[in-house]
Amino acid sequence: DQQVKQNSPSLSVQEGRISILNCDYTNSMFDYFLWYKKYPAEGPTFLISISSIKDKNEDGRFTVFLNKSAKHLSLHIVPSQPGDSAVYFCAASVGNDYKLSFGAGTTVTVRA
Amino acid sequence: DSGVTQTPKHLITATGQRVTLRCSPRSGDLSVYWYQQSLDQGLQFLIQYYNGEERAKGNILERFSAQQFPDLHSELNLSSLELGDSALYFCASSVEGGGYYNEQFFGPGTRLTVL
């Protein structure tokens, strides 16, 4: 049962423009959400996170928005750069839990 | 470089065989997690060890087992391999056993191909 879903397998965006990645979840117990970035032949790297007490968290060019009522979160990358081309995974966990539930990933390609 | 190492990088074997994947966590990290990523799937949590003890189990098959040694490195043993076990296997480590902001650092993965 896939509790975290990324319905867009790929996204192509022009350099300098905004990339918006979406993620939906079904488990209402999730209260901590993360985005990981993965380059080929490397493991996922933590990017940004948000807890359910917030609806926005910003770190440089990356902003994550959380809409708890819709069970939806999104990652905005502004402006997009060629080095942002990677696979982005959305993940979620419950409170003090150990286990991360991952989405299937979205492949972002930034065009020059 | 996350500081988490995994060996081997690639492994090709036949159905019915047994393999061992190895993971060394970041210095100071007590928790080790194992994840499986099959083709076009997200990472699936398999098992977690914390300071040598099994902390939690996810969707891990009975044919699979793991352990964490006193030096905190971990091994994932896969036996009676089937074609469907072909996947990327990631190890991650963290300082604590869970909780908010307990960031998990991932190794580069071991690609297992079962022929």
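Residues numbered from 1 in each chain as written. Chains lettered and ligands numbered in written order. Predicted model: local features only at pLDDT ≥ 70, side-chain atom pairs only at ≥ 80, totals over all residues. Heavy atoms only, no water.

1. Regarding the pattern of salt bridges
Residue and element names in this part refer to chain A.
Point 1. Per the stated rule, a full pass over the model turns up six salt bridges over all chains.
Point 2. The shortest N-O distance in the salt bridge between aspartate 84 and lysine 37 comes to 3.9 Å. Here aspartate 84, found in the loop between strand 8 (72-77) and strand 9 (86-93), pairs with lysine 37, found in strand 4 (residues 32-38); they are 47 residues apart in sequence, far enough to count as distant.
Point 3. Taking the relative accessible area as the measure of exposure, aspartate 84 reaches 2% and is therefore buried. (Salt bridge = Lys/Arg side-chain N within 4 Å of Asp/Glu carboxyl O. Helix = DSSP H or I, 4+ residues; strand = E, 2+ residues; numbered from the N terminus. Buried < 20%, exposed > 50% of the residue type's maximum accessible area, 1.4 Å probe, protein only.)

2. What to know about the environment of Arg17(A)
Point 1. Topologically, Arg17(A) is positioned in the loop between strand 2 (10-14) and strand 3 (19-25).
Point 2. When sequence neighbours within four positions are dropped, the list of residues in contact with Arg17(A) reads Ile77(A), Pro79(A) and Ser80(A). (Contact = heavy atoms within 4.5 Å.)

3. Comments concerning the nonpolar core
Point 1. Within the largest apolar cluster, 23 residues are counted, with the highest numbers of intra-cluster contacts made by Phe33(A), Trp35(A), Leu73(A), Leu75(A) and Tyr88(A).
Point 2. If you list the elements that add at least two residues to this core, you get strand 3, strand 4, strand 5 (45-51), strand 7 (62-67), strand 8, strand 9 and strand 11 (106-111) of chain A.
Point 3. Here the element with the most residues in this core is strand 9 of chain A; it accounts for four residues.
Point 4. Among the nonpolar cores identified, the runner-up in size contains 20 residues, and Leu21(B), Trp34(B), Leu46(B) and Ala66(B) belong to it. (Core = buried A, V, L, I, M, F, W, Y, C linked by side-chain atoms within 4.5 Å.)

4. Side note on a nonpolar patch on the surface
Residues and elements named next belong to chain A.
Point 1. A contiguous nonpolar surface patch, about 230 Å² in accessible area, is contributed by Ile18, Ile20 and Val78.
Point 2. Summarising the element assignment, isoleucine 18 is placed in the loop between strand 2 and strand 3.
Point 3. Under the relative-accessibility criterion, isoleucine 18 is labelled partly exposed at 42%. (Patch = residues over 30% accessible without salt bridge, like charges linked within 9 Å, V, L, I, M, F, W, Y side chains within 5 Å. Areas by Shrake-Rupley, 256 points an atom, 1.4 Å probe, with all protein chains shown as cover.)

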